[in-house]
Amino acid sequence: MKIIHIISGGDVGGAKTHVLSLLEGLNKTETVHLICFMEGDFSAEARQLGIPTTVIEDKNPLRARKRILAMIRHDGYQVMHCHGARANMMGMLLRKQAGIPMVTTVHSDYRLDYLGRPLAALTYGNINKLALRRFDAWIGVSPVMTKLLISRGFDPQRIHTLYNGVDFSSERTPLPREEYLRSIGLQTQEDTVVFGIAARISPVKDMTTLVRAFAKAVQICPNIRLAIAGEGEQETEIRALAASLCPAGTVCFAGWVRDTDSFYNALDVNLLTSLSEGFPYALPEGARMHCATIASEVGGVPYLIDDGVNGLLFPAQDVEMLTQHMVFMAQNPAKRREMGEKLYEKTRRDFSLEAMLAHQKNIYETIIRRAARPKGIRDGVLICGAYGRGNSGDNAILDAIIEQLRHIDPDLPLCALSRKPKETRLCAGIDAVYTFNIFKIGRRLRRAKLYVSGGGTLMQDATSTRSLLYYLLSIRQAKWNGCRVMLYGCGIGPISRPRNRRRAAKALDGCADIISARDRYSLETLQELGVTKPEIHLNADPALLIDPPETDELRGYLRRSGIQEGKQYVMVALRPWQGFEERVGAFAAACEYAHREYGLVPLLYAMEPARDESAARAVAEKLRCPHLLLSAGTNGSEVLALVRRMSLVVSMRLHTLIFASGQGVPMVGVVYDPKVSGFLDYLGQDLYLPLTEVTDAALDDLIDAAMAEKPFEEENFLRLRRLAAENETLAQKLLEE
């Protein structure tokens, strides 16, 4: 590949380290060229690293643009990669005539880049905001930065995440600790604990909070010292604050440090107090030298630091908590060493330079491949379902559908209809349109090749006729606009009202190309309606295929949710329904029984918080045993991680049962709707009873049976997974026609 990189050339800190280490690595296998707009340390160091570098110091942006354009055309570059506001502006000027895809790396929150400099924010800041919107792709240096871009309206399908990587391949030869500390003017004793930070001394790094916390901590632990490495516009102010609050000789300002290995080697604890970050190099660089770490919980920091495991986190600007963390680190040397080692191991495993380079190459390949995708023809899929309603189960189904469609074509443009498009973009990583924006939906349908109606039981009138009419009309609209139409692993029924049955039969017969039913009950409902024209298949719910890998983020979610190692839990997922209130006592008694007989801690779980919290609270209020009360977020993977941790699931919610079956967790179903019993029958699972028959004794008997037996035959479950996978084959057939 041939990539041209553009940067101002005055960059320092993490951005400089990222770009130079990236280009040095890429230069070994790809053709790269660096353009800077000023001579200085950046360009000089790039040349020393063997990176082909050109400096264009022309203050006329149009002349500079002409020179860069000539280089692109002469050397045949395939991608233009920009870094920073000035480079982004040049990318905007080059975009049309260059004729190659443009990508920019967003290293930090661009709205805070000029914090404390109002004139620069008004000029460069606003130009950068405008330029950023013109790119073909964006790279965020952490998932948090990626989500920030999505929340501000950037297309999630054109955003990539690339963590900063640190080189672990070469041996480090830092100066001895005492020698280095003396060289920067810090006097220490044998028991001195040295805290340090290496960062720009600017408002966004919030060293005011750092100095105030250290001043409190040193009163409790007189043996601690603070080394501040860096320069910046707030330096005079921070020096004055330290002089006024901290005892003489306890704070050292080391200036701009080039030998970062020696600096971090000299520290006992690495600090970061920023208000905003992408994925700061200061933390993995400190981790490389086995430093214990305290950092503000911002940006991508929590993706590296697992609070209480390999470091400590605190809310930005929280002086009191930072003080407590510093005192803890000062008084617990064994814990410092343990956290430092754990952080070193995680950083070496997940945030190496080699991993960063490999992922960056994959990003370039994706951008080039997508740029070559044919224009002017129908392309992509529009997905309709009950999304954006705060139901994490529906979000998990959407994740499953997206994964299958991406397996067909990783570059396939995807868009979902959602009540909350912003929420869906963030949690699903695809574009989204408001459910009732008929004009935008119409434009999408005219461009899309396939319309998917999927995600739960959409074709039913048990909740309301209006929702059924909406989904039927959407199918008709898709057909009128020339889309192929598929009902994707969906539930059908109950449809009780005669007029609704006629409407559904007419719309499905006239507009659907393929209907994939998720259970026999749905298939029988189609047969009763007289639907015969579409291709009809008996498959299974795509949610059966969801199995997210264990990650530090998910383990952190479980800790924050109160899930403790060594304890066993029973999830109870209920929903308000006719007759539920009379059975609150029975559900509470069953929770007490599971705790008493099997040692299971009840977890009252609101799958759809807006609807289910009242039911969960009603049961929780009657409990006299330890229990947890938890509401789902929008992340489908978190639901799966939680279910996987359970020893038993008792649920009215269908998708909680589906997730339990997918994770091999024993389960008891409470049937309020035929779709629940329909799935369990299809699974070969008979441990359920109707809501109307719920009693203390009946639930206790089912709990005993679930805890004593396998919840279902493994071969039966594997058969359903194979059927769920066939949804992908059917969708591929329609996309290829």
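As the structure is a computational prediction, the values presented were derived from the model and not from experiment.

Undergrad: Looking at this structure, how should I read the overall build of the chain?
TA: The helix and strand tally for the chain stands at 29 helices and 26 strands. Here the C-alpha atoms of the chain give a radius of gyration of 29 Å, agreeing with the 27 Å that 2.2 N^0.38 yields for 737 residues. Projected onto its principal axes, the C-alpha positions of the chain cover 85 × 65 × 45 Å. The buried share among the 737 residues of the chain stands at 58%. Excluding contacts between residues fewer than 6 apart, the proportion of contacts in the chain whose partners are at least 24 apart in sequence is 71%. As presented, the chain carries roughly 30,100 Å² of accessible surface, and 50% of it is formed by carbon and sulfur atoms. Taken together, the 90 basic and 86 acidic charged side chains of the chain have centroids lying 9 Å from each other.

Undergrad: Got a minute to help me understand a positive patch on the surface in this structure?
TA: Residues Lys-440, Arg-443, Arg-446 and Arg-447 make up a contiguous surface patch of positive charge. Considering the arrangement of structural elements, one finds Arg-443 in helix H18 (residues 438-447).

Undergrad: I would appreciate a short explanation of the nonpolar core in the present structure.
TA: Side chains of nonpolar character tend, in soluble globular proteins, to be buried together. In terms of nonpolar packing, the biggest core is built from 98 residues, with Ile-383, Phe-587 and Leu-642 touching the most fellow members. Setting aside residues no more than four positions away along its own chain, Leu-642 makes contact with Tyr-557, Leu-558, Ile-563, Met-571, Leu-603, Tyr-605 and Leu-630.

Undergrad: Honestly, the environment of Ala-120 in this entry has me stumped. Any pointers?
TA: Structurally, Ala-120 can be placed in helix H5 (residues 118-132). For Ala-120, a relative accessible area of 14% puts it in the buried group. Those residues in contact with Ala-120 that lie beyond four places of it in its chain are Tyr-114 and Gly-125.

Undergrad: What exactly am I supposed to notice about the packing of aromatic side chains here?
TA: Aromatic ring pairs: the centre-centre distance and the angle between the two ring planes describe each pair. Scanning the model with the defined rule gives 12 aromatic pairs in all. With a centroid separation of 4.8 Å and 90° between ring planes, the pair formed by Tyr-163 and Phe-351 is classed as edge-to-face. Here the residue Tyr-163 occupies a position in the loop between strand E7 (159-161) and helix H7 (177-183), and Phe-351 occupies one in the loop between helix H14 (333-350) and helix H15 (353-371), the gap between them amounting to 188 residues. Overall, the relative accessible area of 4% leaves Phe-351 in the buried class. The interplanar angle of 75° and the centroid separation of 5.3 Å between the aromatic rings of Tyr-470 and Tyr-471 together place this pair among those described as edge-to-face. Grouped by ring-pair contacts, the aromatic residues Tyr-434, Phe-436, Tyr-470 and Tyr-471 constitute a single cluster. If you follow Lys-2 out to its NZ or CZ, it ends over the ring of Tyr-77, 5.8 Å from the centre.

Undergrad: What's the story with the packing of helix H8 (residues 207-220) against helix H13 (residues 319-331) in this structure? I'm lost.
TA: Across the interface, H8 lies against H13 with an axial gap of 8 Å and an inter-helix angle of 45°. Taken together, the axes of H8 and H13 are oblique relative to one another. Judged by the twist between their axes, the crossing of H8 over H13 is right-handed. Seen from H8, the contacting residues are Thr-209, Leu-210, Arg-212, Ala-213, Phe-214, Lys-216, Ala-217 and Ile-220; seen from H13, they are Val-319, Glu-320, Leu-322, Thr-323, Met-326, Val-327 and Gln-331.

Undergrad: Help me out: how do you make sense of the sheet that holds strand E21 (residues 568-573) in this one?
TA: Backbone-to-backbone hydrogen bonds pair the strands of a sheet. The strands run either parallel or antiparallel. Across the sheet, which stays open at both edges, the six strands sit in the order E23-E22-E21-E24-E25-E26 with parallel pairing between neighbours. A strand with exactly one partner marks an edge of an open sheet, and here the two such strands are strand E23 (628-631) and strand E26 (688-690). Going from strand to strand, the sheet's axes swing by 20° on average, the running direction of each strand aside. Relative to strand E22 (residues 600-606), E21 is paired through six bridges, and the arrangement is parallel. Along E22, the bridge assignment pairs Met-571 with Leu-603. Lying over the sheet, helix H23 (residues 584-598) contacts E21, E22 and strand E25 (667-671), oriented at roughly 145° with respect to E22.

Undergrad: Is there a simple way to explain the pattern of salt bridges in this structure?
TA: Close approach of charged atoms allows side chains with opposite charge to pair. Tallied over the full model, the rule gives 34 salt bridges. Notably, a salt bridge pairs Glu-45 with Lys-16, separated by 3.1 Å at the nearest N-O pair. Taken together, the residues Glu-45 in helix H2 (residues 41-48) and Lys-16 in helix H1 (residues 13-26) connect sequence positions 29 residues apart. On the basis of relative accessible area, Glu-45 is assigned to the partly exposed category, the value being 29%. The salt bridge partner of Glu-608 is Arg-653, with a shortest N-O separation of 3.0 Å. With Glu-608 in the loop between E22 and helix H24 (609-620) and Arg-653 in the loop between strand E24 (648-651) and helix H26 (654-663), this pair connects stretches of sequence that are 45 residues apart. Each member of the pair, Glu-608 together with Arg-653, is buried. Taken together, the salt bridges that share partners define one network made up of Lys-479, Arg-484, Asp-513 and Glu-737.

Undergrad: Explain the state of the cysteines to me, please; I cannot follow it from the model alone.
TA: Defined simply, a disulfide is a covalent bond joining two cysteines at their sulfur atoms. Per the stated rule, a full pass over the model turns up zero disulfides. Considering cysteine sulfurs only, Cys-82 is the nearest to Cys-36, which forms no disulfide, with 12 Å between them. With no disulfide of its own, Cys-246 has Cys-252 as its nearest cysteine by sulfur position, at a separation of 13 Å. Owing to a relative accessible area of 8%, Cys-246 belongs among the buried residues under this scheme.

Undergrad: Teacher, can you tell me more about H18 here?
TA: Three or four residues apart is the spacing at which side chains of an α-helix point the same way, because the helix has 3.6 residues per turn. Buried residues of H18: Ile-441, Gly-442 and Leu-445, and no others. Each buried residue of H18 lies within a common arc of 100° when the element is viewed along its axis, so the set occupies one face. Turned more than 90 degrees away from the buried face of H18 sit Phe-439 and Arg-446, all of them exposed.

Undergrad: When you look at the sheet that holds strand E15 (residues 414-418) in this model, what are you seeing that I'm missing?
TA: The strand order across the open sheet formed by seven strands is E16-E15-E14-E17-E18-E19-E20, and the pairing between neighbours is parallel. The two strands at the open ends of the sheet, each matched to only one other strand, are strand E16 (431-434) and strand E20 (535-538). For this sheet, the mean angle separating the axes of adjacent strands, direction not counted, is 20°. Relative to strand E17 (residues 450-454), strand E14 (residues 381-387) runs parallel, the two being bridged by four bridges. If you follow Ile-383 over to E17, its bridge partner there is Val-452. Sitting on the sheet, H18 is in contact with E14, E15, E16 and E17, with an inclination near 135° to E16.

Conventions used here
- Residues numbered from 1 in each chain as written.
- Predicted model: local features only at pLDDT ≥ 70, side-chain atom pairs only at ≥ 80, totals over all residues.
- Heavy atoms only, no water.
- Helix = DSSP H or I, 4+ residues; strand = E, 2+ residues; numbered from the N terminus.
- Rg over C-alpha atoms; globule rule 2.2 N^0.38 Å.
- Buried < 20%, exposed > 50% of the residue type's maximum accessible area, 1.4 Å probe, protein only.
- Contact = heavy atoms within 4.5 Å.
- Areas by Shrake-Rupley, 256 points an atom, 1.4 Å probe, with all protein chains shown as cover.
- Lys, Arg positive; Asp, Glu negative; His and termini not counted.
- Charge placed at Lys NZ, Arg CZ, Asp CG, Glu CD.
- Patch = residues over 30% accessible without salt bridge, like charges linked within 9 Å, V, L, I, M, F, W, Y side chains within 5 Å.
- Salt bridge = Lys/Arg side-chain N within 4 Å of Asp/Glu carboxyl O.
- Core = buried A, V, L, I, M, F, W, Y, C linked by side-chain atoms within 4.5 Å.
- Phe/Tyr/Trp six-rings, centres within 6.5 Å; stacked < 30°, edge-to-face > 60°.
- Lys NZ or Arg CZ within 6 Å of the ring centre and 35° of its normal.
- Axes fitted to C-alpha atoms, helices over the stretch in contact; angles between N-to-C directions.
- Parallel < 35°, antiparallel > 145°, perpendicular 65-115°, else oblique.
- Left-handed = near helix turned anticlockwise from the far one by under 90°.
- Pairing = 2+ DSSP bridges.
- Disulfide = S-S within 2.5 Å.
- Arc of directions from axis to C-beta.

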